[in-house]
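# An overview of the molecular structure
The chain contents come next:
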Amino acid sequence: INIFNFASKNKIKKLIFSSTFTVYGDPKNKTGKMYENDSCSPKSMYGISKKCCEEYVQSLCSKKNIQWTILRLFNVYGPGQNIYRTDQGIVGIFINLMKRKNIIEITGSLDRFKDLIYIDDVVDAFILSLNKKANNQIFNVGTGKKTTISNLLKKVNNIFEPHNKKNIKVLSAPHGEIKGAYADIKKIKQILGFKPKISIDKGLINFKNYLNF
């Protein structure tokens with residue numbers, strides 16, 4: 001609301017809000033694919049707060065004729081991410097574990113999957129959102145691809161600790177665990193010409209170079 005008031009006072013023409021796929025809550029279909037027109041039932045405090053902000057953006061901007069775009073980001077990773085935080089950023093968490101431990105403990109199935117998108121591709125999505133075609137629209141920002149936990153662990157091991165094969169210990173799944181979620185990105189592709197460019201392998205190598213490991 002403070003940002004909206006600032007934008008209105010200073011005659012800002014457009015507001016781009018960084019939201020999250022967690023506003024959807026559980027996937028609405030068995031594949032785990034999430035669409036912009038899916039109903040939203042966020043389960044975490046983070047998801048609830050972001051959905052609330054989405055409602056503020058749409059309601060307040062319409063009153064002052066400020067254009068808006070909402071980007072629902074999936075699992076972002078890459079340079080700038082703090083790998084020492086254990087509460088967010090699955091890629092950073094796994095890198096940290098690989099560097100510190102010989103036995104990697106994972107809660108839940110290794111078949112779970114994420115939609116992992118490199119930070120540079122996310123930046124591209126924000127730049128494309130300046131286009132008038134993006135006005136008053138909601139877009140998923142992901143790769144549209146699944147990366148399983150098992151595959152991610154192997155890639156992180158091979159890139160960050162290539163001479164030290166780690167052992168994976170699977171612990172019991174937390175209550176309410178879901179198989180996974182990934183983005184349908186047809187809308188942002190068709191309307192804005194968005195196309196993710198950085199593969200998970202290239203992204204992890206870039207991240208390693210940034211961290212100077």
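Description of the structure in this document. (Residues numbered from 1 in each chain as written. Predicted model: local features only at pLDDT ≥ 70, side-chain atom pairs only at ≥ 80, totals over all residues. Heavy atoms only, no water.)

## Some remarks on the nonpolar core
Counting residues in each nonpolar core, the largest one holds 22 residues, and the members touching the most others are Tyr 77, Val 91, Phe 94, Ile 95, Leu 152, Val 156 and Leu 204. Contributing elements (two or more residues each) for this core: helix H3 (90-100), strand S5 (103-107), strand S7 (116-118), helix H5 (149-160) and helix H7 (200-211). Residues in contact with Phe 94, not counting those within four places in the same chain, are Ile 106, Ile 149, Leu 152, Leu 153 and Val 156. Counting residues in each nonpolar core, the second largest holds 18 residues, with Phe 21, Val 122, Ile 185 and Ile 188 among its members. (Core = buried A, V, L, I, M, F, W, Y, C linked by side-chain atoms within 4.5 Å. Buried < 20%, exposed > 50% of the residue type's maximum accessible area, 1.4 Å probe, protein only. Helix = DSSP H or I, 4+ residues; strand = E, 2+ residues; numbered from the N terminus. Contact = heavy atoms within 4.5 Å.)

## Re the packing of H5 against H7
Axis separation between H5 and H7 bottoms out at 10 Å; the angle between their running directions is 45°. Taken together, H5 and H7 sit at an angle that is classed as oblique. Here H5 and H7 pass one another in a crossing that is right-handed. Residues Leu 152, Lys 155, Val 156, Ile 159 and Phe 160 of H5 pack against Ile 200, Asp 201, Leu 204, Ile 205, Phe 207, Lys 208 and Leu 211 of H7. (Axes fitted to C-alpha atoms, helices over the stretch in contact; angles between N-to-C directions. Parallel < 35°, antiparallel > 145°, perpendicular 65-115°, else oblique. Left-handed = near helix turned anticlockwise from the far one by under 90°.)

## Description of the layout of surface pockets
Here the largest pocket defines a volume of roughly 1500 Å³. Around the largest pocket, the lining comprises 48 residues; the ones closest to its centre are Phe 21, Thr 22, Asn 75, Gly 89 and Lys 114. Of all the secondary structure elements, the ones that give two or more residues to the lining of the largest pocket are strand S1 (14-20), helix H2 (45-64), strand S4 (75-77), H3, S5 and strand S6 (113-114). In terms of residues, the lining of the largest pocket owes the most to one element, H3, which gives 5 residues. Empty space within the second largest pocket amounts to approximately 230 Å³. Forming the boundary of the second largest pocket are Leu 116, Thr 143, Lys 145, Thr 147, Ile 185, Lys 189, Lys 195, Pro 196, Lys 197, Ile 198, Ser 199 and Ile 200. For the lining of the second largest pocket, the class distribution of residues is 5 nonpolar, 3 polar and 4 charged. (1 Å grid on protein atoms, 1.4 Å probe; cavity = no way out; pocket = protein on both sides within 12 Å on 5 of 7 lines; lining within 4 Å. Points joined across faces, edges and corners; volume = space filled by probe spheres on them. Nonpolar A, V, L, I, M, F, W, Y, C, P; charged D, E, K, R; others polar.)

## A few points about the pattern of salt bridges
Opposite charge on two side chains makes pairing possible when the charged atoms of those side chains draw close. Under the criterion given, the structure shown has 8 salt bridges. Taking the shortest distance from any N to any O, the salt bridge between Asp 201 and Lys 155 comes out at 3.0 Å. A residue pair is termed long-range when its members are at least 10 positions apart, and Asp 201 in helix H7 and Lys 155 in helix H5 qualify at 46 residues. (Salt bridge = Lys/Arg side-chain N within 4 Å of Asp/Glu carboxyl O.)

## Some words on the packing of aromatic side chains
The relative placement of two aromatic rings is captured by the distance of their centres and the angle of their planes. Tallying each qualifying case throughout the model produces 5 aromatic pairs. On the basis of an interplanar angle of 70° and a centroid distance of 6.1 Å, the ring pair of Phe 113 and Tyr 182 is categorised as edge-to-face. Of this pair, Phe 113 sits in strand S6 while Tyr 182 is found in strand S11 (residues 182-183), placing the two residues 69 residues apart along the sequence. Across the pair, Tyr 182 and Phe 113 agree in class, each one buried. Positioned over the ring face of Phe 213 is Lys 99, at 4.7 Å from the centre of the ring. Across from the ring centre of Phe 113, 4.6 Å away, lies the NZ or CZ of Lys 146, which sits over that ring. (Phe/Tyr/Trp six-rings, centres within 6.5 Å; stacked < 30°, edge-to-face > 60°. Lys NZ or Arg CZ within 6 Å of the ring centre and 35° of its normal.)

## Considerations on the sheet that holds S1
Strand pairing in a sheet relies on backbone hydrogen bonds. The paired strands run either parallel or antiparallel. Read across the sheet, 3 strands follow the order S1-S3-S8 without closing on themselves; strand pairing throughout is parallel. The open sheet is flanked by S1 and strand S8 (137-141), the only strands paired with a single partner. In this sheet, neighbouring strand axes are inclined to one another by 20° on average, regardless of whether the strands run parallel or antiparallel. Two elements, S1 and strand S3 (residues 67-73), share 7 bridges in a ladder whose sense is parallel. Residue pairing for S3: Ile 16 is matched across the bridge by Thr 69. Set on the sheet, H2 makes contact with S1, S3 and S8; between it and S1 the angle comes to about 160°. Along the sheet, helix H4 (residues 119-128) contacts S1, S3 and S8; its crossing angle with S3, the most-contacted strand, is approximately 160°. (Pairing = 2+ DSSP bridges.)

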